[in-house]
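Tertiary structure, described
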Number of protein chains: 2
Amino acid sequence: MVVRTDLSAADLDRLFHALADTTRRDIITRLLGGETTSVSGIASRYDMSFAAVQKHVAVLEEAGLVTKHPRGREKLVRGNPERLARARQLLQQLEHLWASRFRQLDALLAEPRPPKE
Amino acid sequence: MVVRTDLSAADLDRLFHALADTTRRDIITRLLGGETTSVSGIASRYDMSFAAVQKHVAVLEEAGLVTKHPRGREKLVRGNPERLARARQLLQQLEHLWASRFRQLDALLAEPRPPKE
DNA sequence: AGTACGTACAACCATGTGGTTGCAGGTTAA
DNA sequence: TTAACCTGCAACCACATGGTTGTACGTACT
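The following paragraphs examine the structure supplied in this document. (Residues numbered from 1 in each chain as written. Chains lettered and ligands numbered in written order. Predicted model: local features only at pLDDT ≥ 70, side-chain atom pairs only at ≥ 80, totals over all residues. Heavy atoms only, no water.)

Description of the protein's contact with DNA strand C
Inspection of the region around DNA strand C gives 21 residues, with Ser-49, Lys-55 and His-56 of chain A together with Ser-40 and Lys-75 of chain B positioned closest. Within the contact set of DNA strand C, a phosphate oxygen lies 2.5 Å away from a side-chain nitrogen or oxygen of Ser-49 of chain A. Between DNA strand C and Val-39 of chain B, the relevant distance is 3.3 Å, taken from a phosphate oxygen to a main-chain nitrogen or oxygen of the residue. Of all the secondary structure elements, the ones that give two or more residues to the surface near DNA strand C are helix H4 (50-62) of chain A together with helix H3 (39-43), helix H4 (50-62) and strand E3 (74-79) of chain B. Of the residues contributing to the surface near DNA strand C, the split by class is six nonpolar, seven polar and eight charged. (Near = heavy atom within 4 Å. Polar contact = N/O pair within 3.5 Å; in protein donor to acceptor, adjacent residues only side chain to side chain. Helix = DSSP H or I, 4+ residues; strand = E, 2+ residues; numbered from the N terminus. Nonpolar A, V, L, I, M, F, W, Y, C, P; charged D, E, K, R; others polar.)

A short note on the sheet that holds E3 of chain B
Residues and elements named next belong to chain B. Strand order across the open sheet formed by three strands is E1-E3-E2, with antiparallel pairing between neighbours. Whereas interior strands pair on both sides, the edge strands pair on one side only; in this sheet they are strand E1 (37-38) and strand E2 (66-71). For E1 and E3, the ladder comprises two bridges, and the chain directions are antiparallel. Bridge pairing in E3 places Ser-38 opposite Leu-76. In this fold helix H2 (residues 22-32) packs onto E1, E2 and E3, with an angle of close to 90 degrees to the strand it touches most, E3. (Pairing = 2+ DSSP bridges. Contact = heavy atoms within 4.5 Å. Axes fitted to C-alpha atoms, helices over the stretch in contact; angles between N-to-C directions.)

Notes on the relation of the copies chain B and chain A
Expressed as a screw transformation, the operator carrying chain B onto chain A has a rotation angle of 180 degrees and an axial translation of 0.1 Å, and the superposed copies differ by an RMSD of 0.3 Å. Taken together, the rotation and translation describe the operation of a two-fold axis. An overlap of 94% is found between the interface residues of chain B and their copies at the interface of chain A, pointing to a shared contact surface. (Least-squares fit on C-alpha atoms with pLDDT ≥ 70 in both.)

Comments concerning the packing of helix H1 (residues 9-19) of chain A against helix H5 (residues 81-99) of chain A
How two helices sit against one another is set out by the angle between their axes and by the gap between those axes. All names here are of chain A. Here H1 crosses H5 at 100 degrees, and the two axes come no closer than 11 Å. It follows that H1 is roughly perpendicular to H5 by the angle criterion. From H1, Leu-12, Leu-15, Phe-16 and Leu-19 reach across to H5, where they touch Arg-83, Leu-84, Ala-87, Leu-90 and Leu-91. When its residues are assigned to classes, the contact of H1 with H5 shows eight nonpolar, no polar and one charged. (Parallel < 35°, antiparallel > 145°, perpendicular 65-115°, else oblique.)

Details of the packing of aromatic side chains
The final tally for this structure, using the stated rule, is one aromatic pair over all chains. An angle of 20 degrees between the planes, with centres 6.4 Å apart, marks the rings of Phe-16 of chain A and Phe-16 of chain B as stacked. With Phe-16 of chain A in helix H1 and Phe-16 of chain B in helix H1 (residues 9-19), this pair bridges two chains. By relative accessible area, Phe-16 of chain A is classed as buried at 0%. (Phe/Tyr/Trp six-rings, centres within 6.5 Å; stacked < 30°, edge-to-face > 60°. Buried < 20%, exposed > 50% of the residue type's maximum accessible area, 1.4 Å probe, protein only.)

Points about the protein's contact with DNA strand D
Around DNA strand D, a shell composed of 20 residues is seen, among which Ser-40 and Gln-54 of chain A together with Ser-49, Lys-55 and His-56 of chain B lie nearest. Put simply, 63% of the atoms of DNA strand D that lie within 4 Å of the protein are in sugar or phosphate. Measuring from a phosphate oxygen of DNA strand D, one finds a backbone N or O atom of Val-39 of chain A at 3.1 Å. Interatomic distance of 3.3 Å between a side-chain N/O atom of Lys-68 of chain A and a phosphate oxygen of DNA strand D. Elements with a contribution of two residues or more to the surface near DNA strand D: helix H3 (39-43), H4 and strand E3 (74-79) of chain A together with H4 of chain B. The biggest single contributor to the surface near DNA strand D is H4 of chain B, with four residues. Here the surface near DNA strand D is built from residues that sort into six nonpolar, seven polar and seven charged.

Considerations on the interface of chain B and chain A
Residue-level contacts link 33 residues of chain B with 34 residues of chain A. Between chain B and chain A, a total of about 2900 Å² is buried, with carbon and sulfur atoms accounting for 65% of that surface. At the boundary of chain B and chain A, one finds four salt bridges. Secondary-structure elements contributing two or more residues to the side of chain B that touches chain A are H1, H2 and helix H5 (81-109) of chain B. Among the elements that take part in the side of chain B that touches chain A, H5 of chain B stands out by supplying 13 residues, more than any other. Looking at the side of chain B that touches chain A, its residues break down into 17 nonpolar, nine polar and seven charged. (Buried area = accessible area lost by both parts, 1.4 Å probe. Salt bridge = Lys/Arg side-chain N within 4 Å of Asp/Glu carboxyl O.)

Written out as structure tokens, the structure is:
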């Protein structure tokens, strides 16, 4: 199954922003590593208030890196590696762009294109 | 040659933060795509002040995604795909973490075979 | 020489971010 | 029912961010 949901620029902003925090990267690391736990279960591992951790989880959720599933009075948090893969694919595309520079250089030498868009 | 410079948590924060902005992603896309241009050359493509673009380039530079090389009165900006690869590797590690969950499950359910790869 | 260009940096402003505390509502356990 | 727990949200604070304008300085062009 190949899910091909295009992410908007704002989606990517949110995605990379969510990854740009040590605590949040640590949270998704634990989640992807096998932990299936509640928000307070996550919060118990960090030396900050519950509300602070809850906000971090909310940021991860809005970025699509994490999903919440109610179980009784708590909500289990689960990692979503598909969004992670999307971010990785974008970086990979950029790297590929670099690799293909030299091919494009050949094309430029043969047939220069108009420089402005 | 494998360059193995470990990035600190703060380095990764800076790296992903630099990627969490549409304008900055656009800049590195153009740079990796083959453009070798000055700061003002970059700025001319965006509908914002030169100083704003200059700040974006500074953020990219502090994240290590870009390097500046003086040529006369201008500074040529060059993309650094190595830092990009570092970010991608981290995401890949996280995905691998997720994948290994199921490999561990397989190992539990199946006869212990010599693991491929 | 003088002028125009490229870059850097400071000051400023509005908004966002990461943290706190406190409160309210739903769920489970005694 | 009552108490304890889990979650969410609002208000607040200090600081960072993304934008602006203005200034300063070195380099290049004529």
